Amino acid sequence: EKAGYDYFMLKEIFEQPRAYRDTMRGKVKVIGDAKDSGVSQQSGVEIREKIDEEVAERIAKQADVNYGLPAILQVQIEECKLSVEKIQQIEKVHIVACGTAYHAGLIGKSVIESCARIATEVDVASEYRYRSPMITPRTLVIVVSQSGETADTLAALREAKQQGAHVLAITNVVGSSIAREADDIVVTGAGPEIAVASTKAYTTQLIAFFLLGIYFAQLRQTLPQDKITNLVMAVEQLPALAEQLLTTEKTEQLAEIARRIALHHDLFFIGRGVDYAVAQEGSLKLKEISYIHSEAYAAGELKHGTLALIEQGTPVIALMTQPALFDKTMSNIKEVKARGAHVLVIAYDNMAEELAKTADEVFTIPMTEAILSPALSVIPLQLLAYYTALTLGHDIDKPRNLAKSVTVE
Ligand code: F6R
């Protein structure tokens, strides 16, 4: 069943490009003549809809910019029962989940706020219920759960429903308790996840948030159509880009770095914006299966205390996928370097040369839209955690003290 892999976790990491495709299936709509435009070959977009000229013309008229592309791409989420009117009336979003799914929610917040301009809060499910959340009929509560059985998340869902919110679940298990009790579901196409440490479930939750964010933006008209087309195209390209991170050359580079990480007792992950959210997920993954302590920090926050913990040789893993924040994070890297840290930077190919001047090591990922980068940048962190645990000889699929599905509060 492990299909030749040593552990389910590694198999599941390698399944991610397939899982991304399955999560997107049927959710991208092509309007306009994409056949001759090269869009379909370039992005792998399947043309599922017969070209409807009338619709194309209407949308082209609505778009107040010249999008420069012969095809118009949009997101459709047929299983989403929320009416257009309801989506337009949403005043705020609460995202509620546990563990890795909570980390996916942090990215979801960035996507929903930046694309659809809806104020979004993210809570750990075990905290949400007890903080008197301010729910109104115009609050959309999104619960995120791979298993659909997590007790804390289920309790939060019930509380939100009772207070009158519309609850949408992003889940990997169609027949689960959370799927059954939610008003709406968006299903991730990860397929069964066996390893306790979640990988493909997390990244497919990200894909679901990307699609949902773009879908809301479309209906609330918060992004021009050319931007939507570009974003959808970039989402469509993610599976192929993820494949580029799973080559022997790439995995061997990470396995070698992991052998050095395995010698340490403490390390830091830093980043800004979505990179900070990915840093939190990378740190959790490492702790779960390697049992090495690490902390994730917003890069700009280090100097407010944590810098005291940086010593000669302390490994710091810095994520730098946000061009607008490049200079700011660079100065934080210099701060830790000056205290003796050994810095590994994860950044786009085109930044490698510049970064090599300051960082000790650079691991490159393919370029994508800044907001979508987590679906790529987390992959090396998953592999780092895996190879570190492998070096230390741990039972990777069944880490100590943990269960796959937590059905107690
Ligand atoms: C971490 C991990 C856990 C789960 C969490 C929520 O790798 O697997 O943190 O993400 O227990 O589980 P679900 O998504 O099933 O609700």
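For the structure, check the block above.
From a predicted model like this one, the values you see are computed outputs, not experimental measurements.

A. Just unusual backbone geometry, in detail. Not every positive phi belongs to a glycine, and Ala3 is a case in point at roughly 50°. Its location among the elements puts Ala3 in the segment before helix H1 (8-14). Despite not being glycine, Asn401 shows a phi value in the positive range, around 70°. Counting through the fold element by element, Asn401 comes out in the segment after helix H16 (374-392).

B. A look at the pairing of strand E12 (residues 361-365). In terms of burial, E12 is a largely internal element, 4 of the 5 residues being buried. For strand E11 (residues 342-348) and E12, the ladder comprises 5 bridges, and the chain directions are parallel. Paired with Leu344 across the two strands is Glu361, which belongs to E12.

C. Spotlight on the side chain of Ser198. Looking at the element boundaries, Ser198 is found in the loop between strand E7 (184-187) and helix H10 (200-220). In this structure Ser198 comes out as buried when scored by relative accessible area, which is 10%. Apart from the residues within four sequence positions on either side, Ser198 is in contact with Thr100, Glu193, Glu281, Lys285 and Lys404.

D. View of the site of the ligand. Taken together, 13 residues sit near the ligand, with Ser145, Gln146, Ser147, Thr150 and Glu288 positioned nearest. Between an oxygen atom of the ligand and a main-chain N or O atom of Gln146, the distance comes to 2.6 Å. Lys285 places a side-chain nitrogen or oxygen 2.8 Å from an oxygen atom of the ligand. For the ligand, whose unbound accessible area comes to 410 Å², protein coverage reaches 89%. Placement of the ligand is best described as lying within the largest pocket. Mapped onto the shell around the ligand, the elements with two or more residues apiece are helix H6 (99-116) and helix H13 (274-290). Residue classes in the shell around the ligand are distributed as 4 nonpolar, 7 polar and 2 charged.

E. Inspection of the sheet that holds strand E6 (residues 166-171) at higher detail. The sheet built from 5 strands is open, its strands ordered E4-E3-E5-E6-E7 with parallel pairing. Both outer strands of the open sheet, strand E4 (119-124) and E7, are each paired with one neighbouring strand and no more. Taken over all neighbouring pairs, the strand axes of this sheet differ in orientation by 20° on average, direction set aside. The sheet contact formed by strand E3 (residues 92-97) and E4 spans 6 bridges and is parallel. Pairing of Val96 across the sheet is with Asp123, part of E4.

F. Just empty space enclosed by the protein, in detail. Scanning the model with the defined rule gives 1 cavity of 30 Å³ or more in all. Taken as a whole, the largest cavity holds about 40 Å³ of empty space. As for the largest cavity, its lining consists of Arg272, Asp275, Leu319, Met320, Thr321, Gln322, Leu325, Phe326 and Thr329. Contributing elements (two or more residues each) for the lining of the largest cavity: strand E10 (315-320) and helix H14 (326-338). Per-class residue counts for the lining of the largest cavity are 4 nonpolar, 3 polar and 2 charged.

G. Representation of the packing of aromatic side chains within the structure. Per the counting criterion, the structure on display carries 4 aromatic pairs. Residues Tyr5 and Phe14 carry aromatic rings whose centres are separated by 5.5 Å and whose planes lie at 35° to one another, so their mutual orientation is tilted. Since its relative accessible area comes to 28%, Tyr5 is described here as partly exposed. Take Phe14: its relative accessible area is 26%, and that puts it in the partly exposed class.

H. Quick look at H10. An ideal rise of 1.5 Å per residue puts 30 Å on 21 residues; H10 measures up with 30 Å between its terminal C-alpha atoms. Where burial is concerned, most of H10 is hidden: 20 out of the 21 residues are buried. Directly beyond the C-terminal end of H10, a positive phi value near 55° is found at Gln221.

I. Molecular detail of the pattern of salt bridges. Across all of its chains, the model carries 21 salt bridges by this definition. In this structure, the salt-bridge partner of Asp22 is Arg18, at a minimum N-O distance of 2.8 Å. Of this pair, Asp22 and Arg18 both sit in helix H2 (residues 16-24), 4 residues apart, which is roughly one turn of that helix. Given the relative accessible area of 28%, Asp22 is considered partly exposed. When its relative accessible area of 32% is taken as the criterion, Arg18 is described as partly exposed. By sharing partners, the salt bridges in this structure join Lys11, Glu15, Arg18, Asp22, Arg25 and Lys200 into a single network.

Thresholds, definitions, all that
Residues numbered from 1 in each chain as written. Predicted model: local features only at pLDDT ≥ 70, side-chain atom pairs only at ≥ 80, totals over all residues. Heavy atoms only, no water. Helix = DSSP H or I, 4+ residues; strand = E, 2+ residues; numbered from the N terminus. Buried < 20%, exposed > 50% of the residue type's maximum accessible area, 1.4 Å probe, protein only. Pairing = 2+ DSSP bridges. Contact = heavy atoms within 4.5 Å. Near = heavy atom within 4 Å. Polar contact = N/O pair within 3.5 Å; in protein donor to acceptor, adjacent residues only side chain to side chain. Areas by Shrake-Rupley, 256 points an atom, 1.4 Å probe, with all protein chains shown as cover. 1 Å grid on protein atoms, 1.4 Å probe; cavity = no way out; pocket = protein on both sides within 12 Å on 5 of 7 lines; lining within 4 Å. Sits in = over half its atoms within 2 Å of the grid points. Nonpolar A, V, L, I, M, F, W, Y, C, P; charged D, E, K, R; others polar. Axes fitted to C-alpha atoms, helices over the stretch in contact; angles between N-to-C directions. Points joined across faces, edges and corners; volume = space filled by probe spheres on them. Phe/Tyr/Trp six-rings, centres within 6.5 Å; stacked < 30°, edge-to-face > 60°. Expected span 1.5 Å × (residues − 1). Salt bridge = Lys/Arg side-chain N within 4 Å of Asp/Glu carboxyl O.

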